[in-house]
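# Topology and contacts: notes
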Amino acid sequence: MLRELDIRNFAIIDALTVSFTEGLTVLTGETGAGKSIIIDAVHLLAGGRGSQEFIRHGSKKAEIEGLFSLDNDEHLVFRKMEEFGIPASDGDIVLRRELNDKGKNVCRINGKLVTISILREIGGVLIDIHGQHETQELMDEKQHLHLLDQFAGGSLTKARESYAHTYDKYSRLKREFASYNENEQQIAQRIDLLTFQLREIGAAELVAGEDEELLQERKKLQNFNKIYESVSAAHEAIQGESKGLDWVGSAMSELEHAASVDEQFTSHSETLSGAFYQIQDVAAEIKRIIDDMEFDPERLNEIEQRLALIQSLKRKYGASVEDILLYQETQADELDKLMNRDKRLQLDQEKLKELTEDLRIEAEELTMLRKKAAKKLGQAIMEQLQELHMGKASFEVNFEQLPNNKFDRNGRDAISFYISTNLGEPLKPLTKVASGGELSRMMLALKTIFSKHQGVTSLIFDEVDTGVSGRVAQAIAEKIAAISIHSQVLCISHLPQVAAMADQHLFIEKRVENQRTITAVHELGGRERTEEMSRMLSGAEITDLTLQHAEELLTLAHDRKLTMR
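Residues numbered from 1 in each chain as written. Predicted model: local features only at pLDDT ≥ 70, side-chain atom pairs only at ≥ 80, totals over all residues. Heavy atoms only, no water.

### A word on the overall build of the protein
Rules: Numbered from the N terminus, helices here are DSSP runs of H or I no shorter than four residues, and strands are runs of E no shorter than two. Burial status follows relative accessibility: with a 1.4 Å probe on protein chains alone, a residue under 20% of its type maximum counts as buried, one over 50% as exposed, and anything between as partly exposed. The contact criterion used throughout is that any non-hydrogen atoms of two residues lie within 4.5 Å. For the accessible areas, the method is Shrake-Rupley and the probe is 1.4 Å, while residue cover comes only from the protein chains on display. Neither His nor the chain termini are counted; the positive set is Lys and Arg, and the negative set is Asp and Glu. The atoms used to mark charge sites are NZ of Lys, CZ of Arg, CG of Asp and CD of Glu.
Summing up its helical and strand segments, the protein has 20 helices and 15 strands in all. Each principal axis of the C-alpha distribution contributes one length, and for the protein these read about 130 × 75 × 55 Å. Counting across all 565 residues of the protein, residues that qualify as buried make up 43%. Put simply, 70% of the contacts in the protein that link residues at least 6 apart link residues at least 24 apart. Per element, the accessible surface of the protein, about 31,200 Å² overall, is 48% carbon and sulfur. With 69 positive and 95 negative side-chain charges, the protein shows a separation of 8 Å between the mean positions of the two kinds.

### Regarding the packing of helix α9 (residues 224–239) against helix α11 (residues 266–292)
The axes of two packed helices give the description: the angle between them and the distance between them. To be explicit about the condition: Angular values range over 0 to 180 degrees, each being the angle between N-to-C directions of two axes fitted as lines to C-alpha atoms, with helices fitted over their stretch in contact. Left-handed is the label given to a crossing in which the near helix is rotated counterclockwise from the far helix by less than a right angle, and right-handed is the label when the rotation is clockwise. Three classes are used, and their members are as follows: Ala, Val, Leu, Ile, Met, Phe, Trp, Tyr, Cys and Pro are nonpolar, Asp, Glu, Lys and Arg are charged, and the others, Gly among them, are polar.
Where α9 contacts α11, the axes come no closer than 10 Å and their chain directions differ by 145°. With respect to the hand of their crossing, α9 and α11 are arranged in left-handed fashion. On the side of α9, the interface is formed by Tyr228, Val231, Ser232, His235, Ile238 and Gln239, while α11 contributes Ile279, Ala283, Ile286, Lys287 and Ile290. Of the residues belonging to the contact of α9 with α11, the class tally is seven nonpolar, three polar and one charged.

### Some details on the side chain of Thr421
Summarising the element assignment, Thr421 is placed in the loop between β10 (413–420) and β11 (428–429). Residue classification places Thr421 among the buried positions, given a relative accessible area of 19%. Apart from residues lying up to four places away in sequence, Thr421 is in contact with Met390, Lys392, Ala393 and Glu438.

### With respect to the sheet that holds strand β4 (residues 61–69)
To keep it simple, the criterion reads: By definition, two strands form a pair when at least two bridges between them are found by DSSP.
Taken in spatial order, the six strands of this open sheet run β2-β1-β4-β5-β6-β7, and their pairing is antiparallel. With partners counted over all chains shown, the strands left at the sheet margins are β2 (13–19) and β7 (112–114), one partner each. In this sheet, adjacent strand axes meet at a mean angle of 15° when their direction is disregarded. Sheet topology note: the strand β1 (residues 2–10)/β2 ladder contains six bridges and is antiparallel. Residue pairing for β2: Ile7 is matched across the bridge by Leu16. Across the sheet, helix α3 (residues 116–124) lies against β5 (92–100), β6 (105–109) and β7, angled at about 45° from β6, the strand it touches most.

### Some details on a negative patch on the surface
Going by this rule: In this analysis, a patch consists of residues with relative accessible area above 30% that form no salt bridge, clustered at 9 Å for like charges and at 5 Å for the nonpolar side chains Val, Leu, Ile, Met, Phe, Trp and Tyr. For this document, the term salt bridge refers to a Lys or Arg side-chain nitrogen within 4 Å of an Asp or Glu carboxyl oxygen.
A cluster of acidic residues, Glu22, Asp71, Asp73 and Glu74, forms a negative patch at the surface. Here Asp71 is to be found in the loop between β4 and α2 (76–83).

### Notes on the packing of aromatic side chains
Convention followed: Pairing of aromatic rings covers Phe, Tyr and Trp, the last through its six-membered ring, and needs centres within 6.5 Å; plane angles under 30 degrees mean stacked, over 60 mean edge-to-face, and all others mean tilted.
This structure, assessed with the given rule, holds seven aromatic pairs. A ring pair is formed by Phe10 and Phe54, whose centres lie 5.0 Å apart and whose planes are at 15°; its orientation type is stacked. Placement of the pair is Phe10 in strand β1 and Phe54 in the loop between α1 (35–45) and β4, with a sequence separation of 44 residues. Given the relative accessible area of 21%, Phe54 is considered partly exposed. For the pair Tyr167 and Tyr170, a centre-to-centre distance of 6.1 Å together with 35° between the ring planes defines the contact as tilted. Of this pair, Tyr167 and Tyr170 both sit in helix α6 (residues 154–179), three residues apart, which is roughly one turn of the helix. On the accessibility criterion, Tyr167 (16% relative accessible area) is buried. The class for Tyr170 is buried, based on a relative accessible area of 12%.

So this is what it looks like as structure tokens:
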């Protein structure tokens, strides 16, 4: 749940900290007081689109921070945080976002800098915001398939993943198949280019790692004189007359004589003898190398030419010899496909036929699972609509296939929600027959159903009760309260019936301080809450009768909540 929200320099909010409780929190106040601004701030905190216009006039940046607390260690958000390397702390999650006047965004989760896309992904499993315009999702038939699949969950999700894997292979093969039908002149030009490149690389007869070996050999040849002089000097120091080896030999003889008399010198004598013979072997090997050493200027020239050739190929085909050889392999495969495209075309036709059949079977499986889910969704929606005083309505998920036997990444189903709001009227697309109030109830029915299938911790309703009154308003109030039993709900409302069901009632108002307009939040209780309820009932003037009515409404709401829980 969202436990605390801190807002700084956002729109007309100077500095505001709001604490929220579990259950249903209702935000009320005059139009324009800033209720929706608070929801806008939460929306930005969840990765919504930001704008410099949100920054309070005269400020350099706007800051929003929210503290969420979860008591479920298995919640999806923790798996996502682990995936992105974000630390978790005792079930608490802090989302923070800053907007500055240069158009830059700074996002943090538990203190770790993240991108907006990561903030959006994490925020999306914590917060679900439904505004008065969210019914546009219901008015977009493209979203109906997504809503149905979301309801189906489990088995359908696995089937969709399997289908998507097959569809990706199908799409790749179709693109490859289409490439064979390119202009013959383009194919011929491509063959000529590939042939030239492969001939050039092949003529070089490259060997992996040879450039490194050549560089080492060039280094030796370029320093030949220095190496020869150093090795010769070393040999002279060891093997020369009255030089190192002679003196070590003399020491060895003396120690052998001492060891024959006193055993304590035996080990030293043996060590020195071993060293003498090792030095003697080194001297002999150095002499052999000196005798074999010969400067070959032609070899140095060959190495320089070879390295120049390799460098030229690197500029064209890869950063290393290994990259060039890999490029050669891939281009050879492409050339083979082009040269044998008729045969490849036939093979791909057969593969495409097989994949199309696989796709058809998996798409049919998706359709079958969706139809089962659609039946359950229809029953669930009708139950909800009955409670929302739309008992005479009929709901159905209409199935059609994509035109021309096409497939897309979701299968081959074209799905739309059909409804009849009056008895005896035929079912028609929801997008064409539902009024604003009916759409609000449809959305609320869907949200009631989906809230049981989602792990979202906080649901936010922004004036979703617009356009309803009377017993429908009471039904909506009870429906929102029912949702709040399982998830925290924040609701902006102008309906006293909804406000009466609140576990927490926050009053939003505008004030003028130091010639600046600010938004303030005050938690209502007791007499203040009754007066606010009275104002909502009467519209302006508070009378004894409206106060009495408000108290009665609060009492009835309290009793109703007890029976619900």
